[in-house]
Number of protein chains: 2
Amino acid sequence: MLFIGKIGKKDKEEISKKYFDNMKKTRLALIQMKMSSDKEKNIKNAISKIHLAKKKGANIVCLPELFLTNYFCQVEKHSNFNLAESIPGPTTKIFSSLAKELNLILLISVFEKRTSGIYHNTSIVINEIGKILGKYRKMHIPDDPQYYEKFYFTPGDLGYKSFKTKKGNLGTLICWDQWFPEAARLTALKGAEILFYPTAIGWHPKEKKKFGRSQLESWLTVQRSHAIANGIYVAAINRVGIEKQGGKKLEFWGNSVIFDPSGNVVEKGNLNEQVLVCDIDYRKIDNVRRHWPFFRDRRIDSYKNILKNPIDD
Amino acid sequence: MLFIGKIGKKDKEEISKKYFDNMKKTRLALIQMKMSSDKEKNIKNAISKIHLAKKKGANIVCLPELFLTNYFCQVEKHSNFNLAESIPGPTTKIFSSLAKELNLILLISVFEKRTSGIYHNTSIVINEIGKILGKYRKMHIPDDPQYYEKFYFTPGDLGYKSFKTKKGNLGTLICWDQWFPEAARLTALKGAEILFYPTAIGWHPKEKKKFGRSQLESWLTVQRSHAIANGIYVAAINRVGIEKQGGKKLEFWGNSVIFDPSGNVVEKGNLNEQVLVCDIDYRKIDNVRRHWPFFRDRRIDSYKNILKNPIDD
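Reading the values: the criteria
- Residues numbered from 1 in each chain as written.
- Chains lettered and ligands numbered in written order.
- Predicted model: local features only at pLDDT ≥ 70, side-chain atom pairs only at ≥ 80, totals over all residues.
- Heavy atoms only, no water.
- Pairing = 2+ DSSP bridges.
- Helix = DSSP H or I, 4+ residues; strand = E, 2+ residues; numbered from the N terminus.
- Axes fitted to C-alpha atoms, helices over the stretch in contact; angles between N-to-C directions.
- Contact = heavy atoms within 4.5 Å.
- Least-squares fit on C-alpha atoms with pLDDT ≥ 70 in both.
- Polar contact = N/O pair within 3.5 Å; in protein donor to acceptor, adjacent residues only side chain to side chain.
- Core = buried A, V, L, I, M, F, W, Y, C linked by side-chain atoms within 4.5 Å.
- Buried < 20%, exposed > 50% of the residue type's maximum accessible area, 1.4 Å probe, protein only.
- Left-handed = near helix turned anticlockwise from the far one by under 90°.
- Nonpolar A, V, L, I, M, F, W, Y, C, P; charged D, E, K, R; others polar.
- Buried area = accessible area lost by both parts, 1.4 Å probe.
- Salt bridge = Lys/Arg side-chain N within 4 Å of Asp/Glu carboxyl O.

Caption draft 1: Looking closely at the sheet that holds strand β14 (residues 265-268) of chain A. All names here are of chain A. The sheet built from six strands is open, its strands ordered β6-β7-β8-β10-β13-β14 with mixed pairing. The open sheet has two free edges, formed respectively by β6 (162-165) and β14, since each of these has just one partner strand. Here the average twist between neighbouring strands, direction ignored, is 20°. Of the pairings in the sheet, the one linking strand β13 (residues 257-259) to β14 comprises three bridges and is antiparallel in character. Looking across to β14, one finds that Phe259 is bridged to Val265. Lying on the sheet, helix α5 (residues 181-189) is in contact with β6, β7 (168-172) and β8 (194-198); it crosses β8 at an angle near 135°.

This is how it looks when you write it as structure tokens:
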């Protein structure tokens, strides 16, 4: 009531500008977690860290890949399919309630049972009133010693996704997708302003000494390059800790990170559990793309062989 | 004659292995140059540095983008079209003779006059007997204050190219192409083992203090990411020095660089003229792609929207 009759044109403009600016900024939290073999404990850990993120002012929170469990893909074991669940299901129910309670947008990762014999590695976006906005099923599935994902996950068939929320357009990719510039580009073209990569990546203890640094740097470099090539924010959310299965170990390397649209590091984690919080200013995307206008110059008439494997002579 | 009658099966295998290994290795030179307004002087400088590269044992030598002249795209000036020439033409004649004389493979950059009113920014591969193996016409053309390339160059229409030589399969891209993961991928899919980016990139003196470091890092990062994402060698060959035209300056930032297929720096330049020489071991490509099998997992069924601009709602 205070303003009635008193508010002038200039005041209106200022209020409008402030409102507009708030729409263009948000605060993001990346939950870097250590997982145990106890599902309930992992859920409690995630919930407690999401509460902490809320206290720190986050509007959007992203959890690591398959945060409900140890990284079960370390071994090929049929009983591990028991860990999968439907969407919506028990886990989405818990985190939908939490999103609503805390007025937060949540990105969570679920081992999805679609039907008997079809399982996916799936990301879900839940909005601030607890509604599931949709899901993304991991498109690129790795298979490497101790990362036997092709045994568990049918490759995604929903394509690349960006979800419109009140706090920005959120692109959902997962771990191994991060090595494919095509996936980043396609998600950016869908309108995403942040690319999220919930991740489970680490060192084979035997390789760490010789290749560890180079592997970590490669991982950081490719994601940073997606930020630069697409003029977009990129966030990677990894787990930490050593996990042992089938007599073999993996050391998950943390280093969760967020790059701005110029590829500068906004925030980066270490090897411990952390709640990384950082401010996002979406206006940077427009500004960066104006100065480094890569989208303007794409030669879409010349890219058709991207849809092929190398052509044999 | 020494071996006749004496050479056993084991010796033969060893000789064969040594021969094979030699086929899989080569030595590369990147010529980082400062250009003047005197074409003849630039040619002499290039020739002298190619001789030095030969002395250092190089088999393949690459010159920077448009090394014959100052970076004339700093201004829009119709008389600059006089700088263009045909292919084959006077410049290819000089460097074909040189390649044959020195038994070297040369990659050179020419401002190509295709016909009246059609000019290209073109890369040429000349083999060790002086034969032009073919040309690549820059596909992605920039346009930015002091980089008015769209005024001069018609975008390339030959597609992406890799040239088979006795010293490996050489992929030819140019400068602004380096910001497009599509171009790197397409050239790698053609069979290239090294991506060459002759380049003319620098700082606007006014921007250098605030953005200079971030710009240079972005440039290094995207090229490094092409090496990683494609399991391939990547070489960028830039000019150095401050050039002034139309009352405005550009400081070309050198930093020519070669990355190995894991993204490690093999050799990197500074801000001065340099002949960077480095050894290439093509067996690394096979090994890296075996351990980081991104090519195996590309989802070519899902990339069709790469051929489009963002789809409006």
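So that's the structure; there's more coming.
Caption draft 2: Quick look at the relation of the copies chain A and chain B. In screw terms, the move from chain A to chain B is a rotation of 180° and a rise of 0.0 Å along the axis, fitting with an RMSD of 0.0 Å. Considering both components of the superposition, the chain copies are consistent with a two-fold axis.

Caption draft 3: The side chain of Thr199 of chain A, seen in detail. Residues and elements named next belong to chain A. Of note, Thr199 is situated in the loop between β8 and β9 (202-203). At a separation of 3.3 Å, a polar atom in the side chain of Thr199 contacts the side chain of Gln178. Polar side-chain contacts of Thr199 include one of 2.6 Å to the backbone oxygen of Tyr197. Thr199 has contacts with Pro64, Glu65, Cys175, Gln178, Trp219, Ile237, Asn238 and Arg239, leaving out every residue within four places of it along the chain.

Caption draft 4: Region of interest: the nonpolar core. Core analysis: the largest hydrophobic core is formed by 70 residues, its most contacted members being Trp179 of chain A together with Trp179 of chain B. Once residues lying within four places of it in the same chain are set aside, the contact partners of Trp179 of chain B are Ile228, Ala229, Trp292 and Phe294 of chain A together with Ile201, Ser218, Trp219 and Val222 of chain B. Core analysis: the next-biggest nonpolar cluster, separate from the first, contains 26 residues, Ile50, Phe67, Ile124 and Ile126 of chain B among them.

Caption draft 5: Structural detail: the packing of helix α6 (residues 205-230) of chain A against helix α6 (residues 205-230) of chain B. As a packed pair, α6 of chain A and α6 of chain B sit with axes 8 Å apart at the nearest point and diverge in direction by 115°. Handedness of the α6 of chain A/α6 of chain B crossing: left-handed. Along the contact surface, α6 of chain A presents Glu217, Ser218, Thr221, Val222, Arg224, Ser225 and Ile228 of chain A, while α6 of chain B presents Glu217, Ser218, Thr221, Val222, Arg224, Ser225 and Ile228 of chain B. Residues of the contact of α6 of chain A with α6 of chain B, tallied by class, amount to four nonpolar, six polar and four charged.

Caption draft 6: Just the interface of chain A and chain B, in detail. Counting residues at the interface gives 52 residues for chain A, matched by 52 residues for chain B. A buried area of about 4,900 Å², summed over both sides, lies between chain A and chain B, and 59% of it is on carbon and sulfur atoms. It is Arg299, Ile306 and Leu307 of chain A in chain A that bury the most area against chain B; as a group they hold 12% of the surface buried on that side. The interface formed by chain A and chain B contains eight salt bridges. With a closest N to O distance of 3.1 Å, Glu182 of chain B and Arg298 of chain A form a salt bridge. In this structure, the connection of chain A to chain B is made through 29 residue pairs in polar contact (both at pLDDT 80 or more). Looking at the side of chain A that touches chain B residue by residue, the class counts come to 24 nonpolar, 13 polar and 15 charged.

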